[in-house]
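Here's the letter readout for the chains.
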Amino acid sequence: MRSNKNGISNLYLVLVFAVLYAPIFYLMYYSFNSGGTMHGFEGFTLDYYREVVQDTRLMIIMINTLVIALLSSAIATLIAIIGALAIQRIRSRRAKNTLLSLNNVLIVSPDVIIGASFLILFTIAGIKLGFVSVLLSHVAFSVPIAVLMILPHLQDMSPTLTDAARDLGASRRDVLTKVILPIIKPGIFSGFFMALTYSLDDFAVTFFVTGNGYSTLSVEIYSRARQGVSLSINALSTLIFLFTILLVVGYYFLNRRKQRPAVHIAEPAAEVGVPR
């Protein structure tokens, strides 16, 4: 009876993944079609990938997207570390829950509302729409995600480690850099990669805050798709999908490192004290 339930569960899981990934593989399959349509595969070709690589404007937009994603993720992770440390040090449970709720609201809020809010804010503040507006908006919606990835590691950390470091003569800076940060390092990297993924994937917020002459890949793909079906879009989407897979694989290995049993966990505290 139990084996039958497991078989049904596995079948259901296979069907779910098939529904999710079938359109993606369909798009990837026809990115190699020499026929130029998505209705019949006539032959194998890499012309559309060459077209993507030779498109200077598209390469500039791709560079813009990567710069925005990397820079916003780095800034958001730094802010998230400070925010997570501040939340962890709050003694009042009500105040802590309030801050966590405000943090989570930004994650579940519709992107259209967030994008429209940023557009109004930048217009009132006189900030020109372009690189700066996109960067600020990506930092803003990436911070809550990074906080949620870092905070559990701080909560799991034993307070005796920081107490031992202070007893050994460590300064506040040493406690932070040689005790706290090494312990929460997996959460920091996880938060960075999650923020990077969200930044690369975002369309709705970016669509509101981009100006004339500046664009990202998500907005560019949407604009080209409205002009008609082109298999260069398939090729570009395939490259983005493969890049995302690399990010997911990196995130997976970071999680595996995090789940390994800690060895000599008190060693960082010893290193910041009085010389032996």
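Residues numbered from 1 in each chain as written. Predicted model: local features only at pLDDT ≥ 70, side-chain atom pairs only at ≥ 80, totals over all residues. Heavy atoms only, no water.

Considering the packing of aromatic side chains
Rules: Pairs were defined over the aromatic rings of Phe, Tyr and Trp, the Trp ring being its six-membered one, requiring ring centres within 6.5 Å. Orientation was assigned from the angle between planes: stacked under 30 degrees, edge-to-face over 60, tilted for the rest.
Per the counting criterion, the structure on display carries 15 aromatic pairs. Counting every residue linked through ring pairs, the aromatic cluster contains Y26, Y29, Y30 and F41.

Looking at the UniProt feature "transmembrane region" (unreviewed entry) in the chain
Condition: UniProt positions are given in the numbering used here, feature names are shortened, and annotations may be inferred rather than shown by experiment. Numbering of helices and strands runs from the N terminus, with a helix taken as a DSSP run of H or I at least four residues long and a strand as a DSSP run of E at least two residues long.
Within the UniProt annotation, "transmembrane region" (unreviewed entry) is assigned to residues 12–32, 58–87, 99–125, 131–154, 175–198 and 233–254. For the annotated span residues 58–87, helix accounts for 100% and strand for 0% of the residues, and the straight-line distance between the end C-alpha atoms is 42 Å.

Some details on the pattern of salt bridges
Definition in use: The salt bridge definition used is simple: a Lys or Arg side-chain nitrogen within 4 Å of an Asp or Glu carboxyl oxygen. Each residue's exposure class comes from its accessible area (1.4 Å probe, protein chains only) as a fraction of the maximum for that residue type: buried when under 20%, exposed when over 50%, partly exposed otherwise.
Applying the stated criterion across every chain yields a total of 2 salt bridges. When the shortest N-O distance is used, the salt bridge between D47 and R50 registers 2.7 Å. Residue D47 and its partner R50 are both found in helix α2 (residues 47–54); the two are separated by 3 residues, about one turn of the helix. With a relative accessible area of 44%, D47 lands in the partly exposed category. The salt bridge partner of R57 is E220, with a shortest N-O separation of 2.6 Å.

Quick notes on helix α4 (residues 93–108)
Residues lying three or four places apart along an α-helix face the same way, a consequence of the helix completing one turn every 3.6 residues. Heads up, the rule is: In this analysis, the expected span of each helix is defined as 1.5 Å times one less than the number of residues it contains. Arc definition: it is the arc formed by the directions from the helix axis to the C-beta atoms. Whether two residues touch is decided by their heavy atoms; if any such pair falls within 4.5 Å, the residues are in contact.
Helix length check: α4, at 16 residues, gives a terminal C-alpha distance of 22 Å against a target of 22 Å (1.5 Å per residue), a fit within 8%. Listed as buried for α4 are K96, L100 and N103. For α4, the angular spread of buried residues about the axis comes to 60°, placing them on one side. Exposed residues pointing more than 90 degrees away from the buried face of α4 are listed as R94, L102 and V108. Each element contacted by the buried residues of α4 is listed here: α3 (56–89) and α6 (131–156).

Re the side chain of S133
Filter applied, for reference: Polar contacts here mean pairs of N or O atoms no more than 3.5 Å apart (in protein, one a potential hydrogen donor and the other a potential acceptor; neighbouring residues in sequence count only if both atoms are side-chain atoms).
Within the fold, S133 resides in helix α6. A distance of 2.7 Å separates the side chain of S133 from the backbone oxygen of V209, its partner in a polar contact. For S133, the residues in contact, after removing those within four places along its chain, are F122, K128 and V209.

Some remarks on the confidence of the model for the chain
Put simply, the rule reads: Per-residue confidence from the predictor is reported as pLDDT, which spans 0 to 100.
Put simply, the chain has an average pLDDT of 82, and 90% of its residues get 70 or more. Note that residues 262–276 has pLDDT below 50 and, in this model, 20 contacts with residues that lie over four places away or in other chains.

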